[in-house]
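# Summary of the model geometry
Residue-level listing of the chains:
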Amino acid sequence: MEKRIYNFSAGPAILPEEVLKESQENLMALPDVGMSILEISHRSKTFDNIFHQTKEDVKTLLDIDDNYSILFLQGGASLQFSMVPMNIMPPKNKADYIVTGAWAKKAVKEAKRVGDVNIAATTEETTFNRIPKQNELKLCGDASYLHFTSNNTIYGTQYQTEPEVGDVTLVCDASSDIFHKKIDVNKYGIIYAGAQKNMGPSGVTMVIYRNDLLERSSDDLPTMLNYKTHVEKDSMFNTPNTFGIYIIGLVAKWLLNMGGLDKMYETNKHKAGILYDCIDNSNGFYKGHAEKDSRSLMNVTFNLPAEELEKKLIAEALNAGFNGLKGHRSVGGLRASIYNAFPTKGVEDLVEFMKEFQSKNS
Ligand SMILES: *Cc1c(COP(=O)(O)O)cnc(C)c1O
């Protein structure tokens, strides 16, 4: 087998080795089926079993009640920026948005095409280096929902707990931290996540959808953009991303075998802690972008004293087998994405590399 290097990519991102191995074996022929997962009908018994087991395992992982539907859609998280307002902003046509980064801004742009958007809070003036505090929120009072981004992939910030919004329907873009810990799904109306960060390959988006919201969806909406279509047809109105769903199923099984999301959360805290400790103990050589109480366990963003040094570190790291550390162009610096599947050993090795780099270059 090709040697695998450490993949710090923000997305599409690292998947568990066990998942890659099992899918590799099944790529020629699924056990007792004799055909590849890529070759079978989405309406076959085999796929039906895979599909239902995947939904069951997702429900188990997040303790999801039966009044929620689990959908696997296409168009990425980006299509949800449109589907959410088109479906659930009426009849009031008003919504609160918390703006904590570039993805949230894109969500706002689409919502404005449907109705009035109230920016309940934004941290743009400090380059999105923190999550707004609860007492900073200015809710409009009669919003159909409040939308927030649980983890800001580009800036490396993350909600520690969801914002409190009273009776307002909570909608969350959880694309880059879904499954990183257990959350109380009952607090939410809709949670959506593109799979390619922390859950699977690109091309499939999971939507956890509270069924009572369906009454807000007008029958005048285009069929494919109406949640009613996908709930009623169980994500099978058209051909879904069968392979993507299959991989999400393997990832869910991997998480369950590991002990579930509480266990995953412990590992994630420990793992990110190793890297943040290195940053905090570097006498200012490494400087974290996010304020401490807003730090992400998934994407660790930091800068060096000079851009030249950042370039040098990225180049030397690449030679040493650490791939994907370049920060997003809008913040510069470095970003280490250390999603669920990223091994603790990889973070330990990176920290060792960073310490050595510091001692040679300061
Ligand atoms: C990556 C990302 C998106 C975009 O996802 P697509 O599936 O490419 O549309 C949206 N929101 C967040 C928080 C992301 O990290």
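Residues numbered from 1 in each chain as written. Predicted model: local features only at pLDDT ≥ 70, side-chain atom pairs only at ≥ 80, totals over all residues. Heavy atoms only, no water.

### Some points on the nonpolar core
Core analysis: the biggest nonpolar cluster contains 52 residues, and Ile178, Phe179, Met206 and Ile208 have the highest contact counts within it. With nine residues, helix α6 (residues 242–258) is the largest single contributor of residues to this core. With near-sequence residues (within four places) excluded, Met206 lies in contact with Val58, Ile70, Leu71, Phe72, Ile178, Phe179, Ile191, Tyr192, Ala193 and Met199. Membership of the second largest hydrophobic core comes to 34 residues, among which are Tyr276, Ile279, Leu309 and Ile338. (Core = buried A, V, L, I, M, F, W, Y, C linked by side-chain atoms within 4.5 Å. Buried < 20%, exposed > 50% of the residue type's maximum accessible area, 1.4 Å probe, protein only. Helix = DSSP H or I, 4+ residues; strand = E, 2+ residues; numbered from the N terminus. Contact = heavy atoms within 4.5 Å.)

### Here's the deal with the sheet that holds strand β5 (residues 145–149)
The seven strands lie next to each other as β2-β10-β9-β8-β5-β3-β4, forming an open sheet whose pairing is mixed. The open sheet terminates on both sides in strands that have one partner only, identified here as β2 (68–73) and β4 (116–122). Sheet twist, expressed as the average angle between the axes of neighbouring strands with direction ignored, equals 15 degrees. Taken together, the five bridges between β5 and strand β8 (residues 169–173) define a ladder with parallel strand orientation. Paired with Leu146 across the bridge in β8 is Leu170. (Pairing = 2+ DSSP bridges. Axes fitted to C-alpha atoms, helices over the stretch in contact; angles between N-to-C directions.)

### Considerations on the pairing of strand β12 (residues 299–303)
Burial within β12 is extensive, with four of its five residues counted as buried. As judged from the two bridges shared by strand β11 (residues 287–288) and β12, these two strands associate in the antiparallel manner. When the sheet's bridge partners are listed, Lys287 is paired in β12 with Asn303. Of the pairings in the sheet, the one linking β12 to strand β14 (residues 334–337) comprises four bridges and is antiparallel in character. Counterpart to Val300 in the pairing with β14 is Ala336.

### Re the sheet that holds β14
The three strands are arranged β11-β12-β14 in an open sheet whose pairing can be described as antiparallel. Among the strands making up the open sheet, the edge pair consists of β11 and β14.

### Section: the packing of helix α1 (residues 17–28) against α6
Contact geometry for α1 and α6: axes closest at 9 Å, N-to-C directions at 135 degrees. Here α1 lies oblique to α6, going by the angle between them. The hand of the α1/α6 crossing is right-handed. Across the interface between the two elements, Glu18, Val19, Glu22, Ser23, Asn26 and Leu27 from α1 touch Phe243, Tyr246, Ile247, Leu250, Val251, Lys253 and Trp254 from α6. Looking at side-chain class alone, the contact of α1 with α6 contains eight nonpolar, two polar and three charged residues. (Parallel < 35°, antiparallel > 145°, perpendicular 65-115°, else oblique. Left-handed = near helix turned anticlockwise from the far one by under 90°. Nonpolar A, V, L, I, M, F, W, Y, C, P; charged D, E, K, R; others polar.)

### Quick look at the domain arrangement of the protein chain
The domains assigned to the protein chain are domain 1 (18–258) and domain 2 (260–361). Here the C-alpha centre of domain 2 lies 27 Å away from the C-alpha centre of domain 1. Each side of the interface is counted separately: domain 1 has 29 residues, and domain 2 has 26 residues. Summed over both sides, the interface between domain 1 and domain 2 buries roughly 2300 Å², with carbon and sulfur atoms accounting for 53% of that surface. The closest approach of N and O atoms between Lys133 and Asp293, which form a salt bridge, is 3.8 Å. Inspection of the region where domain 1 meets domain 2 yields 16 residue pairs in polar contact (both at pLDDT 80 or more). (Domains from an automatic or database assignment. Buried area = accessible area lost by both parts, 1.4 Å probe. Salt bridge = Lys/Arg side-chain N within 4 Å of Asp/Glu carboxyl O. Polar contact = N/O pair within 3.5 Å; in protein donor to acceptor, adjacent residues only side chain to side chain.)

### Quick look at the packing of aromatic side chains
Scanning the model with the defined rule gives 17 aromatic pairs in all. An aromatic cluster is built from Tyr6, Phe8, Phe322, Phe342 and Phe353, whose rings are joined through pairwise contacts. (Phe/Tyr/Trp six-rings, centres within 6.5 Å; stacked < 30°, edge-to-face > 60°.)

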